[in-house]
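Examining the three-dimensional arrangement
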Amino acid sequence: MAVLLRHCGTKLRGGLKTMHLCGFSTPHLHLRAFASAKETTGIVGLKPEADWRAKLTAVYEKTLAEASMLPDSAAYKKLLVALTNERLAAVGKAEDYSALEDAVACGQVEQLLQQAEDELGVLELMKREKPWEVPTGHAVPVLQFKPGSEHNPNFDRWSKFDWPGPGKP
């Protein structure tokens, strides 16, 4: 006896399209269609990215190339390279987008792509402004506040206040 099937509807489960096929003599069958693609991100203005792996890899590799131009002593470079290498490795290991999202735990792949592109903008700003360089002869003024001085007339009053701490009501 042949089973006649008809399409009963489509639902989203965890961002994946699930098709429900109904048979006249069988219970509902659930087929997982398009397991590696999303229909929506659920975020207004952020469309699903079908080619997320290639795009993330390209942006992360460009970030590493641009970061190589920064001095090795710059703390920003150290942090940026570490984070980018970590995420690039996660992209390589992930079987699908949900595995990457779980591994990185910083949003959906589309948001990761947006973050990576935004970081390229910050990297350009850092290369232009060079915050790690201090001009020759630049001195930072040291301010010392004394109790009851003209700079801080309320110092005595607030320093004697009994602030509640651990174990105090």
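Cut-offs and rules
- Residues numbered from 1 in each chain as written.
- Predicted model: local features only at pLDDT ≥ 70, side-chain atom pairs only at ≥ 80, totals over all residues.
- Heavy atoms only, no water.
- Helix = DSSP H or I, 4+ residues; strand = E, 2+ residues; numbered from the N terminus.
- Contact = heavy atoms within 4.5 Å.
- Polar contact = N/O pair within 3.5 Å; in protein donor to acceptor, adjacent residues only side chain to side chain.
- Salt bridge = Lys/Arg side-chain N within 4 Å of Asp/Glu carboxyl O.
- Buried < 20%, exposed > 50% of the residue type's maximum accessible area, 1.4 Å probe, protein only.
- Expected span 1.5 Å × (residues − 1).
- Arc of directions from axis to C-beta.
- pLDDT = per-residue confidence, 0-100.
- Axes fitted to C-alpha atoms, helices over the stretch in contact; angles between N-to-C directions.
- Parallel < 35°, antiparallel > 145°, perpendicular 65-115°, else oblique.
- Nonpolar A, V, L, I, M, F, W, Y, C, P; charged D, E, K, R; others polar.
- Core = buried A, V, L, I, M, F, W, Y, C linked by side-chain atoms within 4.5 Å.

1. Remarks on the environment of Lys127
- Along the polypeptide, Lys127 turns up in helix 4 (residues 109-129).
- The sequence separation of Lys127 and Glu66 amounts to 61 residues, and the corresponding C-alpha distance is 9.0 Å.
- If sequence neighbours within four positions are ignored, Lys127 has contacts with Glu66, Met69, Leu70 and Trp132.

2. Some remarks on the side chain of Lys38
- Assignment of secondary structure puts Lys38 in the loop between strand 3 (29-33) and helix 1 (52-67).
- Among the polar contacts listed, one links the side chain of Lys38 to the side chain of Gln108, at a separation of 2.9 Å.
- Among the polar contacts listed, one links the side chain of Lys38 to the side chain of Glu110, at a separation of 3.0 Å.

3. As for the pattern of salt bridges
- Overall, the coordinates contain 7 salt bridges when judged by the stated rule.
- A salt bridge links Glu49 to Lys55; its shortest N-O distance comes to 3.1 Å.
- For Lys55, a relative accessible area of 38% puts it in the partly exposed group.
- Among the ionic pairs, Glu124 bridges to Lys127, the shortest N-O distance being 3.3 Å. One end of the pair, Glu124, and the other, Lys127, are both in helix 4, 3 residues apart, so they sit about a helical turn from each other.
- On the accessibility criterion, Glu124 (37% relative accessible area) is partly exposed.
- Shared partners join several salt bridges into a network, and the residues in it are Lys38, Glu101 and Glu110.

4. What to know about helix 1
- Compared with an ideal rise of 1.5 Å per residue, which puts 16 residues at 22 Å, helix 1 spans 22 Å between its outermost C-alpha atoms and is within 8% of the ideal.
- Among all positions of helix 1, only Trp52, Leu56, Val59, Tyr60, Thr63, Glu66 and Ala67 are buried. The buried residues of helix 1 occupy an angular sector of 125° when projected down its axis, which confines them to one face.

5. Regarding the confidence of the model for the protein
- Looking at the protein as a whole, its pLDDT mean stands at 76, while 63% of the residues score no less than 70.
- Within the protein, the lowest mean pLDDT, 34, falls on strand 3, and the highest, 97, falls on helix 1.
- The model gives residues 1-35 a pLDDT under 50, and that stretch makes 62 contacts with residues more than four places away or in other chains.

6. Here's the deal with the packing of helix 3 (residues 97-104) against helix 4
- Two elements in contact, helix 3 and helix 4, have axes separated by 9 Å at closest approach and are oriented at 60°. As summarised for this structure, helix 3 and helix 4 are arranged oblique, according to the angle between their axes. Across from Tyr97, Leu100, Glu101 and Val104 in helix 3, the residues of helix 4 making contact are Val109, Glu110 and Leu112.
- When grouped by side-chain class, the residues that make up the contact of helix 3 with helix 4 number 5 nonpolar, no polar and 2 charged.

7. Remarks on the nonpolar core
- In this structure, Trp52, Leu56, Tyr60, Tyr76, Leu100, Leu112 and Leu123 are the most contacted members of the largest nonpolar core, which totals 21 residues.
- Every element with two or more residues in this core is listed here: helix 1, helix 2 (75-93), helix 3 and helix 4.
- It is helix 4 that provides the largest number of residues to this core, a total of 7 residues.

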